[in-house]
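# Understanding the architecture of this molecule
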Amino acid sequence: MNRPLRAAVIGCGNVAGNHAAAYARHPGVELVACADVDPGRAAALAARFGADPAGADDVLDLDLDLVSVCTPHPTHEAVVTAAAARGLHVLCEKPIAIDPAAAQRMVRACDDAGIRLGVLFQRRFWPAAQRIRRAIDDGTLGRPVLGEVAVLLHRDSSYYTADPWRGTWAADGGGVLTTQGVHYLDLLQWFMGDPVEVSCSHTTFKHADAIEVEDTAVATVRFAGGGLATVSMSTGLTPGLGCRIRVTGSNGATVGLSEYPEGTEARLDVWAVPGAAAAGSPYGEGLEPDVELAAINGALAPFHALQVADFVAAVRDGRDPAVTGREATRSLAMLTALYASAASGRPEPV
Ligand SMILES: NC(=O)c1ccc[n+]([C@@H]2O[C@H](COP(=O)([O-])OP(=O)(O)OC[C@H]3O[C@@H](n4cnc5c(N)ncnc54)[C@H](O)[C@@H]3O)[C@@H](O)[C@H]2O)c1
């Protein structure tokens, strides 16, 4: 197939510009349309990238090859399965869904339709994340035995009140664990292997006026390979301290990356492996003031572009994308177990 692949973005809110920009700049893709249930949002995004605006249903009639789904969490299933039923390849934003049964139905519908389903976890495409994964694969660390995740962010209440779907159990599916933290739960299981049991406790100390979901959570995770990890996450910090993940291997070596300020390409802040012990400050030269959401999303755009390029190549080459729908169900399974543990007050299986 030598002609450009015809792509559309469905859902034209905060993150959609990263997808539209990646398609518009990809030499093998034509960005045909930007679609939204809100015609004004579709028109605004389409105008930015020289595409046509479209409605949420008509977009599927545009003789497309693939779509990005950038709609709120509970709508992912309907939008993904409608696109799959038309034979379109789908790159869906994270989390794949907020209900594991919905995620399974999505994976099955895409398998049955014979189309590729990818799920956006663009932080896997950071060179620092790839380097950690290589250190695990090539045995530099031995077996991963100890993990540490900290997602310590700032959000204003206005972030939650800007859209009615945010901060509710029914529509957002959860708080910091689901919306911000799932990127790091994905990295954690990508590095440490299959989680088998979690314990979790969460609270809402900062944003209780604006949301019903958690803004703060702590958890421990036990992995099939015997590894253990701690997780702490919050959107209640002022200023935010960004995110970090560290992995210690069975030989005692530790590698880690930090994302600071939020959205900035992560750097390796610990590379304490045999023959090359090194650690830097995760905060660089100093603390930054809180970063605007648009700047956070904008800084992540090059890595959306890398994942979009991988997805386009997967469609062209008839291979799986880097993060398949099935792979994305793993972080969702962990999320579901974390909430179950917080509710039961006991460890819960994943
Ligand atoms: N990968 C990342 O770094 C990243 C960053 C931000 C958001 N996200 C994810 O992207 C998704 C969207 O988040 P957002 O912050 O852009 O949301 P948003 O609320 O800003 O935008 C969602 C858009 O979808 C539209 N919409 C709702 N239902 C629709 C439907 N059925 N068909 C077409 N359009 C519909 C809404 O009108 C809105 O314009 C979520 O899954 C979120 O978690 C990912």
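Analysis parameters
- Residues numbered from 1 in each chain as written.
- Predicted model: local features only at pLDDT ≥ 70, side-chain atom pairs only at ≥ 80, totals over all residues.
- Helix = DSSP H or I, 4+ residues; strand = E, 2+ residues; numbered from the N terminus.
- Rg over C-alpha atoms; globule rule 2.2 N^0.38 Å.
- Buried ≥ 20, exposed ≤ 12 C-beta atoms within 10 Å, placed from the backbone.
- Contact = placed C-beta atoms within 7 Å.
- Axes fitted to C-alpha atoms, helices over the stretch in contact; angles between N-to-C directions.
- Parallel < 35°, antiparallel > 145°, perpendicular 65-115°, else oblique.
- Left-handed = near helix turned anticlockwise from the far one by under 90°.
- Nonpolar A, V, L, I, M, F, W, Y, C, P; charged D, E, K, R; others polar.
- Pairing = 2+ DSSP bridges.
- Near = placed C-beta within 6 Å.
- Core = buried A, V, L, I, M, F, W, Y, C linked by C-beta atoms within 7 Å.
- Domains from an automatic or database assignment.

The name given to the protein chain in an unreviewed UniProt entry is Gfo/Idh/MocA family oxidoreductase, with Pseudonocardia nematodicida as the source organism.

Across its full length, the protein chain carries 10 helices and 14 strands. Against the compact-globule benchmark of 20 Å for 350 residues, the protein chain has a radius of gyration of 20 Å, which places it among compact chains. Evaluated residue by residue, the protein chain yields a buried proportion of 52% over its 350 residues. Long-range contacts, defined as pairs at least 24 residues apart, comprise 68% of the intrachain contacts of the protein chain with a sequence gap of at least 6.

What follows deals with the packing of helix α1 (residues 16–25) against helix α9 (residues 293–317). Following both chains from N to C, one finds α1 and α9 inclined at 50 degrees, their axes separated by 8 Å at the closest point. By the angle class used here, α1 and α9 are oblique. For the pair α1 and α9, the sense of crossing is right-handed. Judged by residue contacts, Asn18, His19, Ala21, Ala22, Tyr23 and Arg25 of α1 engage Asn297, Leu300, Ala301, His304, Ala305 and Val308 from α9. Within the contact of α1 with α9, the residues separate by chemical class into seven nonpolar, four polar and one charged.

This part covers the sheet that holds strand β9 (residues 216–223). Read from one edge of the open sheet, eight strands run β13-β12-β11-β7-β10-β9-β8-β14, paired in mixed fashion. Since the sheet does not close on itself, it has two edges, and those belong to β13 (267–272) and β14 (348–349), each with one partner. Judged from the six bridges that link them, strand β11 (residues 242–249) and strand β12 (residues 254–259) form a sheet pairing that is antiparallel. By the bridge assignment, Arg244 is partnered in β12 with Ser258. Lying on the sheet, helix α5 (residues 127–137) is in contact with β7 (144–152), β11, β12 and β13; it crosses β12 at an angle near 165 degrees.

Contacts to the ligand come from 27 residues, most closely from Gly11, Gly13, Asn14, Ala56 and Glu93. Of the residues contributing to the shell around the ligand, the split by class is 12 nonpolar, nine polar and six charged.

Let's shift gears to unusual backbone geometry. Going from Lys94 to Pro95, the amide bond is cis rather than trans, its omega being -20 degrees. Along the polypeptide, Pro95 turns up in the loop between β5 (89–92) and α4 (100–113). The step from Thr238 to Pro239 runs through a cis peptide bond, and the omega angle for that step is -5 degrees. Although it is not a glycine, Asp63 sits at a positive phi angle of roughly 55 degrees. Inspection of the secondary structure assignment puts Asp63 in the loop between β3 (52–54) and β4 (66–69). We classify Asp63 as exposed; it has 8 C-beta atoms within 10 Å.

Soluble globular proteins tend to bury their nonpolar side chains together. Core analysis: the largest hydrophobic core is formed by 106 residues, its most contacted members being Ala8, Cys34, Val67, Val90 and Leu338. For this core, the domains that each give at least three residues are domain 1 (5–122 + 301–324) and domain 2 (126–289 + 331–349). Sequence-distant contacts of Cys34, defined by excluding residues within four places in its chain, comprise Ala8, Val9, Cys12, Ala16, Ala20, Ala42, Leu45, Ala46, Phe49, Ala51, Pro53 and Ala54.

Under the domain assignment used here, the protein chain contains domain 1 (5–122 + 301–324) and domain 2 (126–289 + 331–349). Placing the centre of domain 1 and that of domain 2 at their C-alpha centroids yields a distance of 26 Å. Residues of the side of domain 1 that touches domain 2, tallied by class, amount to 10 nonpolar, one polar and one charged.

With respect to topology, six strands assemble into an open sheet ordered β3-β2-β1-β4-β5-β6, the strand pairing being parallel. Either end of the sheet is taken by a strand with one partner, and the two such strands are β3 and β6 (117–119). Here the strands of the sheet are splayed against their neighbours by 25 degrees on average, with no regard to which way each runs. Relative to β5, β4 runs parallel, the two being bridged by four bridges. Note on β5: the bridge partner recorded for Val69 is Cys92. In the packing of α9 onto the sheet, the strands contacted are β1 (5–10), β2 (29–35), β4, β5 and β6, and the crossing angle to β5 comes to about 160 degrees.

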